Amino acid sequence: MIKTITWIAALCFSICANIAHAGWDLIPNRGVDLIVIDPYIQMHTGPGRGYPVFHVIEKGEKLHIFVKRTDWFKVETAKGVKGWVKRSSFVKTLGLEGQLTAFTGPGREDYLNRRFEFGILTGRFDTADSLTTYGAFHLTQNISGELKYTQTFSPVANNKLLGFNVVHKPFPTWRISPFFTLGYGQISISPSAALVQPKQRKNWLYTVGTGAFVYISRRFLMRIEYNKHTLLTKREANEEVEEWKAGFSVFF
């Protein structure tokens, strides 16, 4: 079961990572016009070193950049030749008004100002294995809202939890940034039985938790988290469940 959960988490994160890493990004204002002052720039037929060089852009030529894919830019020369150029080739490229243009990849500044985040985490929900996916929207560097879905797997019961969390990061600029969560949601409990079918039940719950984000590089984060869930029941005492999990996230 753990191997299955790990495989599912790896597959989901791989899809998400490819979207973040290899997605197409539009250049603002329908493109950028530049002047090359490097000795020359090599133009490839596609966005990668595996694509052959078919044209060389000389110093003083004008370029128009359309889109970007990871570290590669689709460009067109003044003569109408279209191709792909690696970001590192634009060392001394200038704007039309002579200003220096910096083409930096996603980094720490993007991490601090991120708006959207998606992640996959695995761990233990009480005595059961768990798989969690979440999406987050950052209101500020300190505050974000998250929608989470958790599925647990065990011989006793398979549970589904859907909840909304508010996350507070007191030190968002730290590379290892602690956070605190407060959330509310609903859990659907489906007991397993060989001879009889116990009744499925649903409970509202609230969650408090803590953890840490670890900025890795580019658009990737590691997330470690502990949650304490309180299930609101009709009995005299509510149920409390502890949860530990860890995983990876990408941001946009």
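Colleague: Explain the overall build of the chain to me, please; I cannot follow it from the model alone.
Modeller: In terms of regular secondary structure, the chain is built from 2 helices and 16 strands. For the chain, with 252 residues in total, the buried portion stands at 41%. Surface summary for the chain: the accessible area is close to 14300 Å², and the carbon and sulfur share equals 61%.

Colleague: Would you take a moment to explain the pairing of strand E10 (residues 128-138) for this structure?
Modeller: The side chains of a regular strand alternate, residue by residue, between the two faces of the sheet. In terms of burial, E10 is a largely internal element, 8 of the 11 residues being buried. In this structure, strand E9 (residues 116-125) lies alongside E10, joined through 10 bridges in antiparallel fashion. Note on E10: the bridge partner recorded for Arg124 is Asp129. The turn joining E9 and E10, which pair antiparallel and follow one another in sequence, is formed by 2 residues; a positive phi near 60 degrees is taken by Asp126. Looking at chain direction, E10 and strand E11 (residues 143-153) are connected through 10 bridges and run antiparallel.

Colleague: Honestly, the packing of aromatic side chains in this entry has me stumped. Any pointers?
Modeller: Aromatic ring pairs are defined here through the distance separating the ring centres and the angle between the ring planes. All told, the structure shown has 8 aromatic pairs when counted by the stated rule. With a centroid separation of 4.8 Å and 40 degrees between ring planes, the pair formed by Phe179 and Phe213 is classed as tilted. Pair noted here: Phe179 is in strand E13 (residues 176-191) and Phe213 is in strand E14 (residues 201-217), with a separation of 34 residues, a long-range link. The residues Phe179 and Phe213 share a single accessibility class, namely buried. Ring centres of Tyr226 and Trp244 lie 4.6 Å apart, and the angle between their planes is 45 degrees; this geometry places the pair in the tilted category. Here the residue Tyr226 occupies a position in strand E15 (residues 220-232), and Trp244 occupies one in strand E16 (residues 239-251), the gap between them amounting to 18 residues. The exposed category is assigned to Trp244, whose relative accessible area is 54%. Taken together, the ring pairs in this structure connect Tyr111, Tyr215 and Phe251 into an aromatic cluster.

Basis of the calculations
- Just so you know, the residues in each chain are numbered from 1, in the order the chain's sequence is written.
- Restriction of local features to residues with pLDDT of at least 70 applies here, the model being predicted, together with a cutoff of 80 or more for giving and counting side-chain atom pairs; totals for whole chains, interfaces and linings are based on all residues.
- The side-chain values count all of the structure's non-hydrogen atoms but skip hydrogen atoms and water molecules.
- We count a stretch as a helix when DSSP gives it H or I for four or more residues in a row; a strand needs E for two or more, and each element gets its number in order from the N terminus.
- We call a residue buried when its accessible area falls under 20% of the maximum for its residue type, exposed when it is over 50%, and partly exposed in between, using a 1.4 Å probe and counting protein chains only.
- Computed with the Shrake-Rupley method and a 1.4 Å probe, the accessible areas treat only the protein chains shown as cover for residues.
- Think of it this way: DSSP has to see at least two bridges between two strands before they count as a pair.
- Pairing of aromatic rings covers Phe, Tyr and Trp, the last through its six-membered ring, and needs centres within 6.5 Å; plane angles under 30 degrees mean stacked, over 60 mean edge-to-face, and all others mean tilted.

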